[in-house]
Amino acid sequence: MAFDSYTIGNVSVQNLLSWIDQEQVAIPELQRPFVWKSTKVRDLIDSLYRGYPIGFIITYQAPNVTLKNQEISTGKQIIIDGQQRITAIKTAVSGEPIIDKNYREQTITIAFNPIDERFETATPAIEHDPRWINSIAKVLKPDFNAFTFVENFTAQLPDVDKGVVAGNIQKLHEILTRQIGNLVINSNVSLETVTQIFVRINSKGTPLSEADFAMSQLSIYELHDGTQNGMKLRKAIDAYSDLRKNPKAHIDPSLDDDYRNHIHWAENNSTTFIYRPSYTDIIRVIGLVGLRRARLRDVVALLEGRNFAVTSFNAPNSYEARIADDSFNRFRQGFMDITNENLVTKFEQDILRGSGFDNSKMFRSQNLLDYTFAIYVVLHRDSNDTQRVNTITRRLMVHSLLTGRHVGSFETNWEQDFRAITGVAAAEQLTKRFISTNLSEGFWTNSLPADLSKVANRSTPLLNLFLAAQKKLGAHSFLSDILVNDLLLDDLHHIFPKNYLRQHGVTPNETNVIANYIFFNKTTNIQVADKAPSDYLADFRGRWHSSLQTFEQNLEDNAIPSDENLWRLENYGQFRAARRSLISAVIRRYFEVL
């Protein structure tokens with residue numbers, strides 16, 4: 001049955017496995033490694049045996065591409081949902097091993113009792129029980145002789161009815177002819193529509209993402225038949241993502257040596273990374289670095305060979321092999337660049353920690369880190385002037401944090417930025433333009449103080465930016481000789497204590513604002529307790545004994561108004577307004593020294 005955007009049909013288990021063996025349909029291994037428990041494989045086989053539906057296999061018809069000689073190469077169907085089910089069927093039916101989540105080979109063997117029609121995962125006890133067939137793969141082989149098997153099986157069990165066993169063996173063999181729903185999505189359908197189709201059919205499954213499509217398209221790319229160029233790179237992306245999330249993870253043994261040697265530094269690495277990209281982040285950064293594209297759908301299209309100069313999807317040369325080849329090469333080089341050990345290490349040290357961000361919890365948005373790292377990689381390609389590159393990167397990162405360039409319609413903003421960043425000089429000009437346009441005097445004196453009036457918590461970006469500023473500027477923590485840099489993120493407290501304000505009828509929305517938060521150590525917090533600032537600040541001023549700084553300098557480091565009248569409850573509103581301006585001034589001073 002054909003519709004405008006997809007075709008619905010059925011395919012037998014036998015034919016589906018044959019298509020995969022002959023590479024007529026590609027499994028992109030989006031969910032690799034195999035994560036199902038053996039009991040789930042057993043239940044799937046039981047459902048096929050009893051004729052129960054097991055859901056649709058959803059495939060995407062990759063577009064045809066024009067080769068250099070103007071011949072047309074037919075695009076493959078890519079399985080975008082159903083990989084785990086197909087892998088489960090394949091291992092049970094053929095007896096082939098799967099790769100588990102630890103990248104170890106494991107055989108999931110399903111046993112069958114043809115007397116009472118039960119399936120179980122094979123165990124040593126079952127293997128020695130004559131009532132069980134210890135692997136259904138034996139029965140489902142092409143050369144299986146049912147008559148001989150039944151004779152031998154029942155010879156050990158004289159009380160068993162041969163007819164029952166023979167009938168159930170025949171029913172087991174019919175698994176191969178069971179029909180599975182196959183929904184093929186047409187190549188001219190947008191990714192948004194594909195995603196909607198997927199969600200409607202598979203509402204309880206993991207949502208598809210544009211990154212999944214990029215991995216799908218990547219996995220079927222071959223410069224020449226049999227080279228598996230794209231699959232090798234896709235595995236490398238997965239492996240690197242696993243290592244960045246869990247350095248104790250092991251690299252897939254089947255990973256191509258070139259990639260293995262390039263990313264082995266991330267295996268068993270004791271470094272505490274701030275930036276830990278997922279495979280979606282990796283693809284997004286590669287899209288920016290390798291293809292200068294921020295929209296993942298455009299990355300997918302380029303890997304398919306999309307010629308954006310041709311407006312129609314169905315026009316001749318709308319997809320060309322030369323574009324797919326060029327896009328893959330640039331994509332691969334982007335991966336090699338962003339996984340370079342020296343570059344990753346310097347980014348962590350010089351850009352993130354060098355800007356006062358020493359904890360991943362200081363970043364609410366992974367997008368900001370993707371954007372910043374992509375800029376850093378692109379600029380390093382162009383220049384060996386480390387200091388210049390660092391300054392530009394840090395300022396563009398903090399500019400984005402201040403202006404929200406990494407949220408909302410960030411893809412449009414990013415593409416504009418990366419088209420403008422043709423080199424270090426161009427990036428420097430872009431930074432200056434951003435500063436003059438977006439970080440004017442009015443921003444520091446009006447816009448930013450207004451933003452600082454918002455209710456906050458430990459993950460609020462502007463609060464963490466103020467913390468980063470204090471760390472970078474070498475500030476001492478509130479009422480202490482301890483540097484802010486030595487505090488923990490948990491050392492966040494209220495200047496006007498929360499209980500004190502609650503006792504005087506101040507609402508939580510007025511209490512939990514950025515201007516009433518400060519980082520100071522536990523000893524100071526105990527001394528402050530629930531006292532009024534007018535009391536504890538006067539007390540600290542009277543007995544200040546620090547040899548490192550004056551009391552006034554400590555107030556300045558922490559953006560605390562020095563006017564004692566503002567420390568009184570009746571002036572709490574004026575205190576907040578004054579402190580917002582002081583925090584803005586600290587952040588401004590910080591930005592200037594980046």
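Up top you'll find the structure we're talking about.
Because the structure is predicted, anything quoted here is derived from the model rather than measured.

Counting its secondary structure elements, the chain contains 27 helices and 13 strands. The principal-axis extent of the C-alpha atoms belonging to the chain is close to 100 × 65 × 45 Å. The burial tally for the chain puts 53% of its 594 residues in the buried class. Partitioning the intrachain contacts of the chain with sequence separation of at least 6 by distance along the chain shows that 69% fall at a separation of at least 24. Counting every atom, the chain has about 26900 Å² of accessible surface; 47% of that belongs to carbon and sulfur. In the chain, the 65 positive side-chain charges and the 68 negative ones have mean positions that sit 4 Å from each other.

A separate point is the environment of W567. The topology assignment puts W567 in the loop between helix 26 (551–557) and helix 27 (572–593). Distance from W567 to D238, taken between C-alpha atoms, is 54 Å for residues 329 residues apart in sequence. Once residues lying within four places of it in the same chain are set aside, the contact partners of W567 are F496, P533, S534, L537, A538, R541, F551, L555, I560, P561 and S562.

This part takes up helix 3 (residues 83–94). Taking 1.5 Å of rise per residue, the 12 residues of helix 3 would be expected to cover 16 Å, and the 16 Å separating its terminal C-alpha atoms lies within 8% of that figure. G95 sits one or two positions beyond helix 3 and adopts a positive phi of about 80 degrees.

On to helix 18 (residues 410–420). Every α-helical turn comprises 3.6 residues, leaving residues that sit three or four positions apart pointing alike. For helix 18, every residue scored as buried is listed here: F410, E411, N413, W414, E415, D417 and F418. The elements touched by buried residues of helix 18 are helix 12 (279–290), helix 13 (296–304), helix 16 (366–382) and helix 19 (424–438).

Position of L288 relative to the elements: it lies in helix 12. Under the relative-accessibility criterion, L288 is labelled buried at 0%. Taking the C-alpha atoms as reference, L288 lies 9.2 Å from V299; in sequence the two are 11 residues apart. Those residues in contact with L288 that lie beyond four places of it in its chain are R293, A294, A374, W414 and F418.

A separate point is the packing of helix 15 (residues 341–352) against helix 16. What describes two packed helices is the angle between their axes and the distance between those same axes. Running from amino to carboxyl end, helix 15 crosses helix 16 at an angle of 115 degrees, the nearest separation of the two axes being 11 Å. The pairing of helix 15 with helix 16 is recorded here as roughly perpendicular in orientation. Note that helix 15 runs across helix 16; the crossing there is right-handed. The segment helix 15 lies against helix 16, with L343, V344, K346, F347, D350, I351 and L352 engaging L369, T372, F373, Y376, V377 and H380. Partitioned by chemical class, the residues of the contact of helix 15 with helix 16 number 9 nonpolar, 2 polar and 2 charged.

Here we take up the side chain of K90. Mapped onto the fold, K90 is located in helix 3. K90 sits in the buried class, given a relative accessible area of 16%. Discounting residues that sit within four places of it in the chain, K90 has contacts with L17, D21, G95 and E96.

For the rest of this paragraph, the subject is unusual backbone geometry. The general pattern is negative phi for most residues beyond glycine and trans for most peptide bonds. Even without being glycine, N268 reaches a positive phi, approximately 55 degrees. The topology assignment puts N268 in the loop between helix 11 (257–263) and helix 12. Residue classification places N268 among the exposed residues on the basis of a relative accessible area of 55%.

What follows deals with the side chain of S365. You can see S365 is positioned in the loop between helix 15 and helix 16. A polar atom in the side chain of S365 sits 3.3 Å from the backbone nitrogen of L368.

As a further point, take the pattern of salt bridges. The full count for this structure, using the stated rule, is 28 salt bridges. Ionic pairing is found between E552 and R541, a salt bridge with its closest N-O pair at 3.3 Å. Separated by 11 residues along the polypeptide, E552 in helix 26 and R541 in helix 25 (residues 533–542) bring together distant segments of the chain. Judged by relative accessible area, which is 27%, R541 ranks as partly exposed. In the salt-bridge network here, residues are joined through shared partners; they are R42, D43 and E120.

Let's shift gears to the nonpolar core. Where a protein is soluble and globular, its nonpolar side chains tend to be buried together. One finds F331, F335 and L402 to be the most contacted residues of the largest nonpolar core, which totals 133 residues. The contact partners of L402, leaving out residues within four places of it in the chain, are L439, F443, W444, L448, L462, L465 and I587. Grouped together as the second largest cluster of nonpolar side chains are 40 residues, V11, L17, V139 and F144 included.

This paragraph deals with the packing of aromatic side chains. Throughout the structure, instances matching the rule amount to 24 aromatic pairs. With 5.2 Å between their ring centres and 75 degrees between their planes, Y49 and F119 make a pair best called edge-to-face. Linking Y49 in helix 2 (residues 38–50) with F119 in strand 10 (residues 118–121), this pair joins segments that are 70 residues apart in sequence. No difference in accessibility class separates Y49 from F119, as the two residues are buried. Here a set of aromatic residues connected by ring pairs shows up, and it is made of Y240, Y259, W265, F273 and F335. R543 extends its terminal NZ or CZ atom over the ring of F540, reaching a point 4.7 Å from the ring centre. Of note, R576 hangs over the ring of Y572, and the distance from its end group to the ring centre comes to 4.5 Å.

Parameters at a glance
- Residues numbered from 1 in each chain as written.
- Predicted model: local features only at pLDDT ≥ 70, side-chain atom pairs only at ≥ 80, totals over all residues.
- Heavy atoms only, no water.
- Helix = DSSP H or I, 4+ residues; strand = E, 2+ residues; numbered from the N terminus.
- Buried < 20%, exposed > 50% of the residue type's maximum accessible area, 1.4 Å probe, protein only.
- Contact = heavy atoms within 4.5 Å.
- Areas by Shrake-Rupley, 256 points an atom, 1.4 Å probe, with all protein chains shown as cover.
- Lys, Arg positive; Asp, Glu negative; His and termini not counted.
- Charge placed at Lys NZ, Arg CZ, Asp CG, Glu CD.
- Expected span 1.5 Å × (residues − 1).
- Axes fitted to C-alpha atoms, helices over the stretch in contact; angles between N-to-C directions.
- Parallel < 35°, antiparallel > 145°, perpendicular 65-115°, else oblique.
- Left-handed = near helix turned anticlockwise from the far one by under 90°.
- Nonpolar A, V, L, I, M, F, W, Y, C, P; charged D, E, K, R; others polar.
- Polar contact = N/O pair within 3.5 Å; in protein donor to acceptor, adjacent residues only side chain to side chain.
- Salt bridge = Lys/Arg side-chain N within 4 Å of Asp/Glu carboxyl O.
- Core = buried A, V, L, I, M, F, W, Y, C linked by side-chain atoms within 4.5 Å.
- Phe/Tyr/Trp six-rings, centres within 6.5 Å; stacked < 30°, edge-to-face > 60°.
- Lys NZ or Arg CZ within 6 Å of the ring centre and 35° of its normal.

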